[in-house]
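Remarks on the overall topology
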Amino acid sequence: MKTSEFITRIVITVFSLGVVALPLALWAQTPLIHARIAEGGGWSPDIIQAKVGEPLHLKFTSDDVMHGFAVGQMDMQPVDIEPGKVSETTLTFDKPGIYTFFCTRWCGLNHWRMRGTIEVTGAATSLESVTKPLYVTLGINLDAPHNAPLVPTDPPSTVNGQELASTLSISQLTTPDYYRSHSPYQLFDNLRFTSLSTSQRWDVVSAIWQANSTPAGLAEGKQLYAQNCAACHGEFGGGNGVFADDLAAAGAASMQTMNGDMAMSMQTPADFTNPQRMLGASPALLQGKILRGGMGTGMPMWGSIFTHEQIWNVIAYLYSFQFDYPK
Ligand code: HEC
Ligand SMILES: [Cu+2]
């Protein structure tokens, strides 16, 4: 073998190695994120760094059961994460901030605790003003009891209410601002100056509540509810989802071990078919509870997961357990 040929061979070998090795090296640099049920440790790592405008490559695998990955407030397809397999996705963020990622599969009682954060640094390409949640602006105490002192004796009729409402001049009671800051009971009470009977007033309440929702919004609310809430609150809102009993019993124990020093007061999930509870709650109050979570009761916080619009749609859907909105 001539020296020149030998050198050429080395060059070619090194070159071809480089072609294969370089992407391999980059690929290996993308850390593999392990998913485990919350009791097994949840995500590791659970804090990921990223830069605005730079693609973030992520690789996942599961060490136990099927999980899913999605980032809150981001329009993305959840990524399935299967045991023994590697799945991947690439994300690009156009705003700095702390994003929450979460599991999208009901992998166990503490499924919703499978959350982590992506810290995105860099210059903002679009500026967004941070608005305070409505319950803060209104000064609502989320932990105060909010039961309606009076509830309908028969289920209100939305159709009947629509007809009655058209005969009244109550435009100040039908605005979106009014709806968000008042409970159905407060509206019922504000209608006492009309000539309507008690049951007719409830009918009008139902009609006005329905007028503040849209079919598309209710459909989205229903879907979000089925995916994220029904396992605890029950498909039909009765507070009796598949995890309800476990939450009260096993949940207390497992959550205590996970949060050692935190005193946990486990409760059964709220019953949205209960008229005292729902007719006494304004959308702003429900929004606060959903944003903040139950602080130790087992009710997760959803503020970093859903957009404000999605939360208003879920709230509109929660009221549909009280009213017979026409389809
Ligand atoms: C892991 C179980 C669990 C899941 C999942 C869950 N909740 Fe809850 N939720 C609870 C528990 C327990 C309570 C009662 C204790 C409390 O209010 O903190 C509650 C209370 C609430 C309340 C307060 C009601 C009131 O009148 O005080 C609202 C509103 C609510 N949940 C909405 C939701 C929505 C919307 C979702 C889905 C996006 C959801 N919850 C998912 C367990 C859950
Ligand atoms: Cu999971």
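Structure: above.
Conventions used here
Residues numbered from 1 in each chain as written. Chains lettered and ligands numbered in written order. Predicted model: local features only at pLDDT ≥ 70, side-chain atom pairs only at ≥ 80, totals over all residues. Heavy atoms only, no water. Pairing = 2+ DSSP bridges. Helix = DSSP H or I, 4+ residues; strand = E, 2+ residues; numbered from the N terminus. Axes fitted to C-alpha atoms, helices over the stretch in contact; angles between N-to-C directions. Near = heavy atom within 4 Å. Polar contact = N/O pair within 3.5 Å; in protein donor to acceptor, adjacent residues only side chain to side chain. Nonpolar A, V, L, I, M, F, W, Y, C, P; charged D, E, K, R; others polar. 1 Å grid on protein atoms, 1.4 Å probe; cavity = no way out; pocket = protein on both sides within 12 Å on 5 of 7 lines; lining within 4 Å. Points joined across faces, edges and corners; volume = space filled by probe spheres on them.

Across the sheet, which stays open at both edges, the five strands sit in the order β3-β9-β8-β5-β6 with mixed pairing between neighbours. In the strand order of this sheet, the two ends are held by β3 (47-51) and β6 (79-81), each with one partner. The average angle at which neighbouring strand axes cross in this sheet is 25°, direction not considered. When strand β8 (residues 97-102) meets strand β9 (residues 115-121), the two strands line up antiparallel, connected through six bridges. Looking across to β9, one finds that Tyr99 is bridged to Ile118.

Taken together, 25 residues lie near ligand 1, and Cys229, Cys232, His233, Thr297 and Met299 sit nearest. Taking Arg277, its side chain carries an N or O atom lying 2.8 Å from an oxygen atom of ligand 1. Within the side chain of Lys289, a nitrogen or oxygen atom sits 2.9 Å from an oxygen atom of ligand 1. Elements that contribute at least two residues to the shell around ligand 1 include exactly α8 (230-233) and α11 (283-292). When the residues that make up the shell around ligand 1 are grouped by side-chain class, the tally is 15 nonpolar, eight polar and two charged.

Let's shift gears to empty space enclosed by the protein. All told, the structure shown has one cavity of 30 Å³ or more when counted by the stated rule. Put simply, the largest cavity is a space of about 70 Å³. In terms of lining residues, the largest cavity is bounded by Phe102, Cys103, Trp106, His111, Trp112, Met114, Arg115, Asn228 and Trp302. The class makeup of the residues in the lining of the largest cavity is six nonpolar, two polar and one charged.

Worth remembering: the numbers are spatial, not functional.
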